[in-house]
Structures are given as C-alpha cells and as structure tokens.
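# Observations on the three-dimensional arrangement
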Amino acid sequence: MAFPVDLRRCQILGLAGTAFLAAGGETAGALPVRDLLHPASAHAALGLVAVYFGLVLLIAAWALLGRLVRGPRPPAPRALLLVLAVWAAPLLLAPPLFSRDVYSYLAQGAMVDAHMDVYAHGPSQLGGPLAGEVAPLWRHTGAPYGPVFLAVAAALSALTRGELPAGLFGMRLVALAGVALMAAALPRLARHSGADPAAALWLGALNPLVLLHLVAGAHNDAVMLGLLGAGLVAALGRWPLLGAVLVTLAALVKAPAALGLAAVVVLQMRAGRSTAKALVTTTVAAAGTTVAATAAAGTGYGWIGALNTPASPQNWALTTLLGRATRALLEHLGSDLAPLAIPAWHALGVVAAGAAIVLIWLRLRPRPVYALGLSLAAVAALGPAIRPWYALWGLFLIAAAAPSTPVRHRMAAVTGVLALCVLPSGGPADTGQLVLAVSGGALAVVVLWQAHQAQLAPALGRAA
C-alpha cells in the first residue's frame, strides 16, 4: 500500500529537516574560529547527529514531493515556491554549513574595499581576525572569482564594516537573491523547452543541494546561476542584448557561465537573426559588459589569470583521482615523470570537456538550454576540482529542459548521494565523525519507517 502523500506533509517534513540542520549546525557547522568545538566534544557530536538526522528527513521530504509532482494532481509552481521558502527559513540565521568559503568571500570583499589586489594576494595579506576565519589552504591564494562578485562582496564589507555576523547574514541574503532568480527563471525555461514547470522547480530549486550549499553554505554559485537563468529568459523573449549582458555578468561571478553566451547566440538565430549578426551583437554586448563591470569593480583584469587558481589537493575530481593513481604508480616504478601525472590528467580533462561540449552542441543545437546544461555538467565532471554544489551548474538547466523523466530520475539520484558527501563543518571526516553521521541518518530512517507504519495501520484496519 502506498504511503499517503500530500503537500502539507512534505512541507512539514522538510521544515523539520532544515530545522534539525540549523540546530545541529550551531555546534557542528562551519563556525567562526572562536566558536569552534573539538569534534570529539559531546556538543559537537550531538550537533553532527542532528545535522544528518535533518538531512535524511529533508531528502525524504524532497523525494515524497517528487512523487506528488509526478502524480495526477501536481501542485502549482506558486505552491512549490512557498514550500521552498518554508524549507529555507530555518537556515537563514543558521551558521555557515558544509563549507568555509563564505569567510573567504568576506575577506576578499574587505581586500577590494581596502584597494588591495585580491588576485595577486590571498586573505593573509589582509590580516586581522577576518583572515583568520579563512581555511588555511586558501589564505595565501588569490581570489578565483570575477569582478562582479567581488564588487558585491566589497559593497557588503563596506556596509557591515567588517562585522562578522552582519557579513555572514548579508552574504546569505546575496545567495538567497540568486536562488530567487533561479526559481523565477525555471518555469519560464521549462515552458520554452516543453517541460513541466512544476517538475523543473522540484529538481532545480527545491533540490537539497540548493538548500544545503546555496542557502546554508551561501555559495556564490547561486548568484552565477540566478544571473544565467535570468539572461536565458531575456534571450528567449525580445531582449537578446539584455540576455547577453546578464549571462556575461554571471560569467563575471564564476567563469563557467560564459558557456551561456553560446545559448544566447543560438536563441537569436532561432528568432530569425543571421549567424553573423547574432555573433556580433552577442560579442559586442559581452565585451562591453566585461569592460564596464571590471572598471566599476576596480579590480583590474587579474581575474583572467585567476582562472588558473590551483585546485585543492584533497578534492575528489575524476581527473585528480586518476592523476593521484598514476603518480603513485610512477613513483613505485621510480619514474621522474611522477610529478607531471596530476597536471597531465587535468589537461586531458580540459581537452575531454572541450570535446564533449562540441559534440553536445553539434547534436543538441536545436535545444540550447538543454545543451548548455549538459555542457556545464561536463565542465564540472571533467574539471580539475569538484564539490557537491558544482553539480548544480548543469542540474539547474537540465531540470528545466530534460527531455525525459528517466534523465530527471538519474539527476535526482545523483543529488541524494552528493547531499550526504560533506560534513557540516566543511572539513575532512575521521572515523568517529563518519560513525556519528551514519548514526544520525540511520535514526532518521527509523523514525520515517515508524511514521510510515503508523500511517498504514488505520488504512489496513479499514481494509480488513
């Protein structure tokens, strides 16, 4: 007998999940240095259990909502947006979760506000308590972000005067604005692509990765994707130049969004413009936006060189894993080529991503939104570094334009796995933390099973 599902149950279950996430994050999250607890402390352990308990509840609520969206009476997009707001609410005042990147954003914004070269120097050059909040790996590394995001971070730094709580809240509001743009764009992109707007919102906006990493983690990928979505919506309408401007602004947050300019060109051609005119107008709009945004930010063009910012040696990208394995083999054989293994695999990954993008566009040019989503997914999968939230680059647009339900199911399965892959502190896991995380998740499964049984009992009694 099927588990009874309605929108209110999904809403309450997901709210319980994010509430536990927020509560557990108070002791197990990516806290300011002065508030960090030893992972073995009782409070930190209880917080970690609570986070994974809430995480499994959230994933379950999202999966049940997916059943409802695919059912005979799916909720309207407006109702789904309300669910998103309810689920996100407990995370607004929670500490940063699953990453310490937001501290880097604040430090880099303070550097720009102080007229320091954020591309030539890491946050250590800033000094002070704010630099001390940045993960040690990135304290001596220049910013890998474009001038648009750094200008926003600098404005926030000036507004909050370097106060950490205000800065963290402000950066989360910036991320929320990006998520709002994503949610507004998805139904329009879905209708253009012949997809169900409700299904697009479910996969692309209510996705646990959005709540965990764009809202709770305040990642600037939210701003990139929001501007990218808004630019594509503009290009679908009667404003292709505005579309090119918005997509360029997205790329000046994080570079992968520049692939969206190809979609803007194709959309203009579909509207009747010649290839030459579409290319020229898009190129001129993108160049003009780049020059104007870089001049307004005052950061210079160091962001071009920052595209080569080194990846974390602990990351688990496919090409990095292959590089490590190859290096270990060469070291075992005593070869002098061992140090070149990882760079060589990274280069091969870039070439493979480029080839995949060309093949995708040759085959799917009539479906530019879907082609762009697959292209961004290829960049994330084959790049030199990957984090769970990178999956959202492609998933956001695949949600809006996937041609079949099985594609959405596969993307949903990937989401469920990636949502469980990072500790709330953003740091590496030891055995004890893994045990606590699994315990929290297992406890949630038991609670969900008991709730399932309790719901079935009256129905079975009536049937008897």
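Scroll up a little and you will see the structure.
The rules behind these values
Residues numbered from 1 in each chain as written. Predicted model: local features only at pLDDT ≥ 70, side-chain atom pairs only at ≥ 80, totals over all residues. Heavy atoms only, no water. Helix = DSSP H or I, 4+ residues; strand = E, 2+ residues; numbered from the N terminus. Buried < 20%, exposed > 50% of the residue type's maximum accessible area, 1.4 Å probe, protein only. Contact = heavy atoms within 4.5 Å. Salt bridge = Lys/Arg side-chain N within 4 Å of Asp/Glu carboxyl O. Core = buried A, V, L, I, M, F, W, Y, C linked by side-chain atoms within 4.5 Å. Phe/Tyr/Trp six-rings, centres within 6.5 Å; stacked < 30°, edge-to-face > 60°.

One can find A251 in helix α11 (residues 240–251). On the basis of relative accessible area, A251 is assigned to the buried category, the value being 15%. Setting aside residues no more than four positions away along its own chain, A251 makes contact with A257 and A258.

For the rest of this paragraph, the subject is the pattern of salt bridges. Counted by the stated rule, this structure contains three salt bridges. Where D6 meets R9, a salt bridge forms, and the shortest distance between an N and an O atom there is 3.0 Å. The class for D6 is partly exposed, based on a relative accessible area of 29%. Between D221 and K254 there is a salt bridge, with its nearest N and O atoms 3.1 Å apart. In this pair, D221 is assigned in helix α10 (residues 221–236) and K254 in the loop between α11 and α12 (260–270), connecting sequence segments 33 residues apart. For the pair formed by D221 and K254, the shared burial category is buried.

Our next topic: the nonpolar core. By size, the foremost hydrophobic cluster in this structure holds 139 residues, and its most contacted members are L65, W87, L206, L228 and L397. When residues of this core are assigned to their parent elements, the largest contribution, 16 residues, is made by helix α2 (residues 42–69). Residue contacts for W87: discarding those within four places in its chain leaves C10, Q11, G14, L15, T18, L58, A61, W62, L65, L206 and L211.

What follows concerns the packing of aromatic side chains. In total, this model carries seven aromatic pairs according to the counting rule given. With centroids separated by 5.8 Å and ring planes inclined at 75°, the aromatic side chains of Y145 and F149 adopt a geometry described as edge-to-face. Their ring planes at 20° and their centres at 4.6 Å tell us that Y390 and W393 sit as a pair that is stacked. Accessibility classification places Y390 together with W393 in one group, the buried group. By way of ring pairs, the aromatic residues Y105, Y145 and F149 are connected into one cluster.

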